[in-house]
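In case you want the letters, here they are:
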Amino acid sequence: MSFMRMQYVFGLVTTLICVGCGSDAPSAQDKDQEEPRGEVDEGDDEGTKPLDAGSRDAARPPSGRDAARDTAPPDEEPPPEEDEEDASTAAPDSGRPPASDGPADGDPNAPIVALPDVPCGGPGGSLGGAANPLGSANLKVGGRDVILTYPCMKHEGAKVVFILNLHGTMAMENVKFYQHGYFAAHKLTNSHNVIVATPKSRASQWGNTGENAAASEDRQHLLDVIDYVYSKLGKFDITGLWVGGHSWGSMYAKRFVCEQAIKDKVHGVIGMSGGATAPGGRAFGASDLMLTPNCQDYISQIHTVGDTDSVTGLPDQSAPATKHGCGAKTSPSDLGNKQMVETWPDCDPGWVHENITMGAHSHTTSINPEVVKHIVEQIKIAEAR
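Thresholds applied
- Residues numbered from 1 in each chain as written.
- Predicted model: local features only at pLDDT ≥ 70, side-chain atom pairs only at ≥ 80, totals over all residues.
- Heavy atoms only, no water.
- Helix = DSSP H or I, 4+ residues; strand = E, 2+ residues; numbered from the N terminus.
- Buried < 20%, exposed > 50% of the residue type's maximum accessible area, 1.4 Å probe, protein only.
- Areas by Shrake-Rupley, 256 points an atom, 1.4 Å probe, with all protein chains shown as cover.
- Disulfide = S-S within 2.5 Å.
- Phe/Tyr/Trp six-rings, centres within 6.5 Å; stacked < 30°, edge-to-face > 60°.
- Lys NZ or Arg CZ within 6 Å of the ring centre and 35° of its normal.
- Core = buried A, V, L, I, M, F, W, Y, C linked by side-chain atoms within 4.5 Å.
- Contact = heavy atoms within 4.5 Å.
- Pairing = 2+ DSSP bridges.
- Salt bridge = Lys/Arg side-chain N within 4 Å of Asp/Glu carboxyl O.

Enquirer: Whenever I open this one, the overall build of the protein confuses me. Can you help?
Expert: The helix and strand tally for the protein stands at nine helices and ten strands. Among the 385 residues that make up the protein, the fraction classed as buried is 56%. As displayed, the protein has an accessible area near 15,000 Å², and 54% of this comes from carbon and sulfur atoms.

Following this line, the structure appears as structure tokens:
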């Protein structure tokens with residue numbers, strides 16, 4: 001992309017920004033270099049309706065987390081370049097059974113997991129990348145574009161975590177994939193064993209049927225994307241699903257994460273500049289999701305906000321953190337470059353509760369690489385227990 005065209009793209013992005021539910025495409029602060037990319041495969045235009053992949057999880061013994069989901073009472077009041085080291089550090093033994101035995105990267109004698117029509121590693125793309133700063137689709141699910149990134153050269157049984165990555169308000173169809181670079185967990189795919197799927201809403205906002213009646217299809221589309229990953233990449237050991245989103249996508253994620261259809265898979269939410277609403281909390285403009293007052297009982301939470309964010313606030317996680325055995329919230333500590341994290345420490349195995357205030361960040365500033373890495377590492381630690 002020429003310098004003049006790059007300026008034009010960033011100009012379109014920044015002029016669409018408004019407070020709250022306006023355009024949420026990030027600013028041009030992310031200077032990371034684009035990853036080597038494989039050839040983009042636009043996939044099959046036929047409506048892909050994957051097979052149910054639940055049989056793999058059904059064989060797994062119930063964990064302490066799963067038991068909490070079934071028995072917990074409702075809340076009284078819903079209130080620069082990545083390091084290539086492998087951070088999938090084994091956590092101490094716990095009551096939660098391990099997802100599988102064997103090496104983190106799978107059985108070296110077993111076949112490597114790969115999809116014939118979707119190259120591993122995913123397409124490149126981040127703000128600052130030379131070829132496409134916003135990311136490019138490499139898959140169609142139900143005839144709709146998705147960016148799918150999964151690890152290369154990992155064998156069957158490799159322990160991976162799956163992140164569903166949802167964009168915020170964006171009216172321009174060709175800019176909705178900004179989320180691929182805003183929360184660039186795809187850059188840790190190989191080093192940290194992560195699958196990342198980044199889909200697009202039918203409207204500028206997930207589930208906003210008031211804007212576009214076709215947004216009523218968004219919930220089912222996300223379920224189809226999840227089913228696709230579990231069915232097509234089920235030879236990995238997918239230890240858990242985390243739903244993340246930015247701005248409106250964060251608010252939607254905090255409700256979608258409570259969906260009964262994914263309760264046997266989902267372990268946590270990553271709320272990015274989505275305000276102080278807790279998972280399962282009050283209603284907003286997405287008409288396709290219902291309130292789930294006890295959702296916090298079975299969901300780990302990591303939330304971020306910029307220090308100059310137009311959508312302010314972070315959820316008070318004290319009540320659910322206490323239920324999960326965590327201690328009192330710590331004073332803020334610096335992850336680097338004034339990225340300040342508050343933690344509810346020493347949680348029971350399998351749980352994490354953190355709030356992160358990002359220095360020198362507006363509502364649309366891409367999340368710093370050190371923060372992305374920290375979030376992924378906390379998820380991996382929780383999933384290992």
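Next comes the rest of the description.
Enquirer: Would you explain the state of the cysteines in this entry?
Expert: Note on terminology: disulfide describes a covalent bond linking the sulfur atoms of two cysteines. This model, assessed by the stated rule, comprises three disulfides. Paired by a disulfide, Cys 120 and Cys 152 hold their sulfur atoms 2.0 Å apart. Linking Cys 120 and Cys 152, the disulfide has an S-S dihedral of approximately 100 degrees and is accordingly described as right-handed. Pair noted here: Cys 120 is in the loop between helix H3 (64–71) and strand E1 (139–141) and Cys 152 is in the loop between strand E2 (144–149) and strand E3 (159–166), with a separation of 32 residues, a long-range link. On the basis of relative accessibility, which here comes to 31%, the residue Cys 120 falls in the partly exposed class. Counting only the cysteines that form disulfides, in the order they appear in the protein, gives the pairing 1-2, 3-4, 5-6.

Enquirer: I keep staring at the packing of aromatic side chains and nothing clicks. Help me out?
Expert: One pass over the full model with this rule turns up four aromatic pairs. Taking 6.1 Å as the distance between ring centres and 35 degrees as the angle between the ring planes, the aromatic pair formed by Trp 206 and Tyr 252 counts as tilted. Of this pair, Trp 206 sits in the loop between strand E4 (194–198) and helix H6 (218–232) while Tyr 252 sits in helix H7 (residues 248–256), placing them 46 residues apart in sequence. Judged by its relative accessible area of 0%, Trp 206 is buried. For Tyr 252, a relative accessible area of 0% translates into the label buried. Here a set of aromatic residues connected by ring pairs shows up, and it is made of Trp 206, Tyr 252 and Phe 256. Here the guanidinium or amino end of Lys 200 rests over the ring plane of Phe 177, the centre of that ring lying 4.9 Å away.

Enquirer: For this particular structure, what's the right way to read the nonpolar core?
Expert: One broad rule of soluble globular proteins: the nonpolar side chains tend to lie buried together. Among the nonpolar cores identified, the biggest contains 41 residues, and Leu 148, Leu 164, Ile 195 and Phe 256 are the most heavily contacted of them. Elements represented by at least two residues in this core include exactly E1, E2, E3, E4, H6, strand E5 (237–246), H7 and strand E6 (266–272). Among the elements that take part in this core, H6 stands out by supplying seven residues, more than any other. Excluding residues that lie within four positions of it along the chain, Leu 148 makes contacts with Leu 115, Val 118, Gly 122, Pro 123, Asn 138, Leu 139, Ile 195, Val 196, Ala 197, Tyr 228, Val 229 and Leu 233. Val 175, Ala 185, Trp 242 and Ile 302 belong to the second-largest nonpolar core, a separate cluster that totals 28 residues.

Enquirer: Help me out: how do you make sense of H7 in this one?
Expert: One turn of an α-helix holds 3.6 residues; hence residues three or four places apart share an orientation. The buried count for H7 comes to eight of nine residues, which makes it a mostly enclosed element. All of the buried residues in H7 are Trp 248, Gly 249, Ser 250, Tyr 252, Ala 253, Lys 254, Arg 255 and Phe 256. Those residues of H7 that are buried are in contact with E3, H6, E5, E6 and strand E7 (300–306).

Enquirer: Just to check I follow, could you spell out the pairing of E6 for this structure?
Expert: Successive side chains on a regular strand alternate, one facing one side of the sheet and the next facing the other. In terms of burial, E6 is largely enclosed, as seven of its seven residues are buried. Examined bridge by bridge, E5 and E6 share six bridges and lie parallel to one another. By the bridge assignment for E6, His 246 is matched with Met 272.

Enquirer: What am I meant to see in the sheet that holds E3 here?
Expert: Within a sheet, adjacent strands bond to each other through the backbone by hydrogen bonds, running parallel or antiparallel. Taken in spatial order, the ten strands of this open sheet run E1-E2-E4-E3-E5-E6-E7-E10-E9-E8, and their pairing is mixed. Strands with a single pairing partner mark the edges of an open sheet, and in this sheet they are E1 and strand E8 (333–334).

Enquirer: I keep staring at unusual backbone geometry and nothing clicks. Help me out?
Expert: As a rule of thumb, non-glycine residues mostly have phi less than zero, and peptide bonds are mostly trans rather than cis. Not every positive phi belongs to a glycine, and Asn 337 is a case in point at roughly 60 degrees. You can see Asn 337 is positioned in the loop between E8 and strand E9 (339–343). With a relative accessible area of 58%, Asn 337 lands in the exposed category. Located in the positive-phi region is Asp 346, a residue other than glycine, with phi close to 60 degrees. As for its placement among the helices and strands, Asp 346 is situated in the loop between E9 and strand E10 (353–358). Classification of Asp 346 by relative accessible area gives exposed; the value is 70%.

Enquirer: How should the pattern of salt bridges be read in this particular structure?
Expert: Two side chains bearing opposite charge may form a pair once their charged atoms approach each other closely. Counted according to the given criterion, the structure contains twelve salt bridges. Linking Lys 235 and Glu 156 is a salt bridge whose minimum nitrogen-to-oxygen distance equals 3.8 Å. A residue pair is termed long-range when its members are at least 10 positions apart, and Lys 235 in the loop between H6 and E5 and Glu 156 in the loop between E2 and E3 qualify at 79 residues. Take Glu 156: its relative accessible area is 25%, and that puts it in the partly exposed class. Between Arg 219 and Glu 259 there is a salt bridge; the shortest N-O distance is 2.9 Å. On the criterion of sequence distance, the pair formed by Arg 219 in helix H6 and Glu 259 in the loop between H7 and E6 is long-range, its members being 40 residues apart. Residue Glu 259 is classed as buried on the basis of its relative accessible area of 12%. Among the charged side chains, a network of salt bridges with common partners joins Glu 173, Lys 176 and Lys 200.

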